[in-house]
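Chain residues, written in single-letter form:
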Amino acid sequence: MSRFLFTAVLSLGLLGATQAQTPPLPTIHIGLGYIPNVQFTPFYVAKRLDYFKAEGLNVEYQHGYVSELIPLLLQGKLDFVVGDPEDAILARSAGQPVKYIMAMYQKVPATVFSLASKNIRTPADLKGKVIGIPGTFGSTYFALGALLDSAGLKESDVKLASIGFTQLEAVRGGKVDAAVGFVNNEVVNLKAAGVPVNTLDVTAAYPMVGVGIITTDKNAQTALAKKVVRASQRAMRLTINDPAQAFKIGLKDFGSGGGTLSVLQASLPLMQSSATKVSGLGYSDPAAWTKAVAYLQKQGKVPSSAKASDFFSNAAISKTLK
């Protein structure tokens, strides 16, 4: 064997040994609520553009109802869950060590919407009306309660109808007078169909952040949390700057039935605020949390001794990703 050939074989052997010794990237498991959907576009982008790999991580997603995902988080079968802040608040109030660490939406996207022909223009107009809600849980239910409270109305002053996630059909078909839905979903679809619609803003009464990343206390203050949040922030920034590209990327995961570009575009204003321009995408406004938690305390959902800061943290947020 010539010296050149021997050297080449030796080099290939050393390269193979080096590659064999390179450990695989650790895999983290993230629960995404509901089903594959355009609302999770930044997370699909983060995976497909290798933002997690840039942080030294592989990622696997698991879809399901958050009520099923939080127990998996607590069991260590998931590392992070994407859900509403109320999911973290109620779990922690029940003694579970969870914390909300990144806000994908700067405000709750819930709204009370109705056909314009119903002439519901103010919260006071809801008195005596039938209002469709997914159920007596989650951000939509609490946002509606805060809106009624701001108008001096009680839940008994209206008629609540649990209609699951059929708000658009129920409103359009006249089964309810109004429903609690989302500004970046049902309202967008009704307007796209040319249906005149009225909406009631809930954010003044309930200025809570929207869906975001939840993890355990054990993970919240770690380098792992910062890596996951940083990858997510990068994907949010791309989504904001180029929604058409982000939609095209996400479409590979949520498919043609998982939402439209117009829904994603309607979500972009929710991802940004004056606070994110200073403190980074995903930042939680402490004042917003304080007011929203105070409402939940008034309703007996949160112990009066609790502080808003018990439920969330901005420690993992990168201020350079704005």
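Residues numbered from 1 in each chain as written. Predicted model: local features only at pLDDT ≥ 70, side-chain atom pairs only at ≥ 80, totals over all residues. Heavy atoms only, no water.

(A) Layout of the UniProt feature "domain: SsuA/THI5-like" (unreviewed entry) in the chain. In the UniProt entry, the feature "domain: SsuA/THI5-like" (unreviewed entry) is given for residues 37-246. Between the end C-alpha atoms of residues 37-246 there is a gap of 13 Å, over a span that is 38% helix and 22% strand. (UniProt positions renumbered as here; feature names shortened; annotations may be inferred. Helix = DSSP H or I, 4+ residues; strand = E, 2+ residues; numbered from the N terminus.)

(B) Up close: the pattern of salt bridges. Counting across every chain of the model gives five salt bridges. Between Arg 48 and Asp 253 there is a salt bridge, and its shortest N-O distance comes to 2.8 Å. One end of the pair, Arg 48, is in helix H2 (residues 41-48); the other, Asp 253, is in helix H10 (residues 243-254), and 205 residues separate them in sequence. Here Asp 253 falls in the partly exposed class, since its relative accessible area comes to 30%. One salt bridge connects Lys 118 with Asp 177, and the closest N-O pair in it is separated by 3.3 Å. (Salt bridge = Lys/Arg side-chain N within 4 Å of Asp/Glu carboxyl O. Buried < 20%, exposed > 50% of the residue type's maximum accessible area, 1.4 Å probe, protein only.)

(C) Focus on the domain arrangement of the chain. Each domain of the chain was delimited in the assignment, giving domain 1 (27-107 + 208-310) and domain 2 (110-201). Once you take the C-alpha centre of each, domain 1 and domain 2 turn out to be 25 Å apart. When domain 1 packs against domain 2, close to 1,100 Å² is buried across both sides, 65% of that on carbon and sulfur atoms. Looking at the side of domain 1 facing domain 2, the largest losses of area belong to Glu 86, Val 263 and Tyr 295, adding up to 39% of the total buried there. On inspection of domain 1 and its partner domain 2, the count reaches one salt bridge. Lys 298 serves as the salt-bridge partner of Asp 149, at 3.0 Å between the closest nitrogen and oxygen. The interface formed by domain 1 and domain 2 holds six residue pairs in polar contact (both at pLDDT 80 or more) in total. Elements represented by at least two residues in the side of domain 1 that touches domain 2 include exactly helix H4 (85-93), helix H11 (261-271) and helix H13 (286-298). Counting residues per element, the side of domain 1 that touches domain 2 draws most heavily on H11, which supplies five residues. Broken down by class, the residue content of the side of domain 1 that touches domain 2 amounts to eight nonpolar, two polar and four charged. (Domains from an automatic or database assignment. Buried area = accessible area lost by both parts, 1.4 Å probe. Polar contact = N/O pair within 3.5 Å; in protein donor to acceptor, adjacent residues only side chain to side chain. Nonpolar A, V, L, I, M, F, W, Y, C, P; charged D, E, K, R; others polar.)

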